[in-house]
Amino acid sequence: MRAIKVRAARTRDVRGIQAMLEPFVQRRILLGKDLVVLYEATQQFLVAEDGEGNLIGCGALHVMWEDLGEIRTLIVVDEWLHHGVGRALVEGLEGQARTLGLTRLFCLTFEVDFFTRRGFSPIGEQIVDPDVYSQLIRSPDEGVAEFLDLAHVKPNTLGNTRMIKNL
């Protein structure tokens, strides 16, 4: 088994995160993020390294509500696929979510089988109560809009699946 280390991201990792992200943006799998946005979100990211300290994956946890978070920007470089990197990142992000007191995690993904194996399932229509909906709808965050399945994000959606997991 190849050595994998998962740790909190540091600002010096951000350009590497962007470099990992770019091929997925080009393939229309993930949405692009400006460098400044990635720096602002550094504390949300975990990174995975190989035995030599090279970045081989990343993922972010974004808090959406008191009990709800989103796994975002989950990336594993192609040569490390199927070596447990994605699983290790998701487990780390779930640990962070539990520490923060979150009880549900959302993701928007093409990797339905991967997330299904980790306990996620496709989202139905009514996933938050009306009071929470009325608060979430005020968020400028596109991830929240995707979570709520708002009409204005439909033209920008990549065709991926909305999924949720109870922790």
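Overview of the structure. (Residues numbered from 1 in each chain as written. Predicted model: local features only at pLDDT ≥ 70, side-chain atom pairs only at ≥ 80, totals over all residues. Heavy atoms only, no water.)

A few words now on the side chain of E70. Counting through the fold element by element, E70 comes out in strand β4 (residues 68–76). A distance of 2.7 Å separates the side chain of E70 from the side chain of R72, its partner in a polar contact. Those residues in contact with E70 that lie beyond four places of it in its chain are A60, L61, H62, M64, L105, F106 and G143. (Helix = DSSP H or I, 4+ residues; strand = E, 2+ residues; numbered from the N terminus. Polar contact = N/O pair within 3.5 Å; in protein donor to acceptor, adjacent residues only side chain to side chain. Contact = heavy atoms within 4.5 Å.)

What follows is about the sheet that holds strand β7 (residues 161–166). Taken in spatial order, the 7 strands of this open sheet run β1-β2-β3-β4-β5-β7-β6, and their pairing is mixed. Every interior strand has two partners, whereas the edge strands, β1 (5–8) and β6 (121–122), have only one. The sheet contact formed by β4 and strand β5 (residues 104–109) spans 3 bridges and is parallel. Looking across to β5, one finds that L68 is bridged to R104. Sheet strands in contact with helix α1 (residues 14–26) are β2 (45–49), β3 (55–65) and β4, and its direction is about 90° off that of β3. Those strands touched by helix α3 (residues 85–100) are β1, β2, β3, β4, β5 and β7, and its axis lies near 30° from that of β3. (Pairing = 2+ DSSP bridges. Axes fitted to C-alpha atoms, helices over the stretch in contact; angles between N-to-C directions.)

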